[in-house]
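Descriptive analysis of the structure
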Amino acid sequence: GYVHDQDAGKGEKSITFAPVLPETGRYEVWLAYDPGASRADKVPVTVFSAEGEKTLHVNMKDTPPIRGRFVSLGQFRFEKDGQSFVLVSNEGAKGHVTADAVAFIPVDQVPKD
């Protein structure tokens, strides 16, 4: 199951996904969410990596392009024991915000399908 913000408490709710990484390196980060017409179209998702922090905006109205479940947030360098995480927030979002999972995939193991 996934979690959602009930379209309430905007700017007050977030969820953090912190990986246990096997080694330092570059990883592609995938976010899974449940799409729908009532979802927000500009959900702030921040990736904290060894390269700093980067905030992207995800349109959760759209079906995710990877296996109908995931959207790629990009490739980032992470330290094995460093501060690495993804934060999904409902700040400024208009509509429901959902979050299901985040996958950290070594770049040499990213599926091609």
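Residues numbered from 1 in each chain as written. Predicted model: local features only at pLDDT ≥ 70, side-chain atom pairs only at ≥ 80, totals over all residues. Heavy atoms only, no water.

Quick word on unusual backbone geometry
- Non-glycine residue Gln6 carries a positive phi angle of around 60 degrees.
- Residue placement: Gln6 occurs in the loop between strand S1 (3-4) and strand S2 (14-17).
- On the accessibility criterion, Gln6 (53% relative accessible area) is exposed.
- You will see that Asp7, though not glycine, has its phi angle at about 55 degrees, which is positive.
- Inspection of the secondary structure puts Asp7 in the loop between S1 and S2. (Helix = DSSP H or I, 4+ residues; strand = E, 2+ residues; numbered from the N terminus. Buried < 20%, exposed > 50% of the residue type's maximum accessible area, 1.4 Å probe, protein only.)

Overview of the pattern of salt bridges
- By the definition in use, this model includes six salt bridges.
- One salt bridge in this structure joins Lys10 and Asp7, with 3.2 Å as the shortest N-O distance.
- When its relative accessible area of 30% is taken as the criterion, Lys10 is described as partly exposed.
- Taking relative accessible area as the criterion, Asp7 reaches 37% and is therefore assigned partly exposed.
- A cluster of three or more residues bridged by salt bridges with shared partners is formed by Asp5, Asp7 and Lys10. (Salt bridge = Lys/Arg side-chain N within 4 Å of Asp/Glu carboxyl O.)

As for the packing of aromatic side chains
- The tally for this structure, following the rule as stated, stands at five aromatic pairs.
- Relative to Phe70, the ring of Trp30 lies with its centre 5.4 Å away and its plane at 50 degrees, an arrangement referred to as tilted. With Trp30 in strand S3 (residues 25-32) and Phe70 in strand S6 (residues 70-78), this pair connects stretches of sequence that are 40 residues apart. Across this residue pair, the class does not change: Trp30 and Phe70 are buried.
- Among the aromatic residues, those joined into a ring-pair cluster are Tyr27, Phe76, Phe78 and Phe104. (Phe/Tyr/Trp six-rings, centres within 6.5 Å; stacked < 30°, edge-to-face > 60°.)

Regarding the environment of Glu51
- Counting through the fold element by element, Glu51 comes out in the loop between strand S4 (43-49) and strand S5 (52-58).
- What makes Glu51 partly exposed here is its relative accessible area of 49%.
- Sequence separation of Glu51 and Arg77 is 26 residues, and the distance between their C-alpha atoms is 6.4 Å.
- Those residues in contact with Glu51 that sit more than four places away from it in its chain are Arg26, Gln75, Phe76 and Arg77.
- A distance of 3.3 Å separates the side chain of Glu51 from the backbone nitrogen of Arg77, its partner in a polar contact. (Contact = heavy atoms within 4.5 Å. Polar contact = N/O pair within 3.5 Å; in protein donor to acceptor, adjacent residues only side chain to side chain.)

Regarding the nonpolar core
- With 23 residues, the main nonpolar core has Leu31 and Leu73 as its most contacted residues.
- Looking at this core, the elements that each hand over two or more residues are S3, S4, S6, strand S7 (85-89) and strand S9 (101-106).
- In this structure, Leu31 is in contact with Val45, Val58, Met60, Arg69, Phe70, Val71, Leu73, Val88, Ala101 and Val102, ignoring residues within four places of it in sequence.
- Listed in part, the seven residues of the second largest apolar core include Ala32, Ile66, Phe70 and Val110. (Core = buried A, V, L, I, M, F, W, Y, C linked by side-chain atoms within 4.5 Å.)

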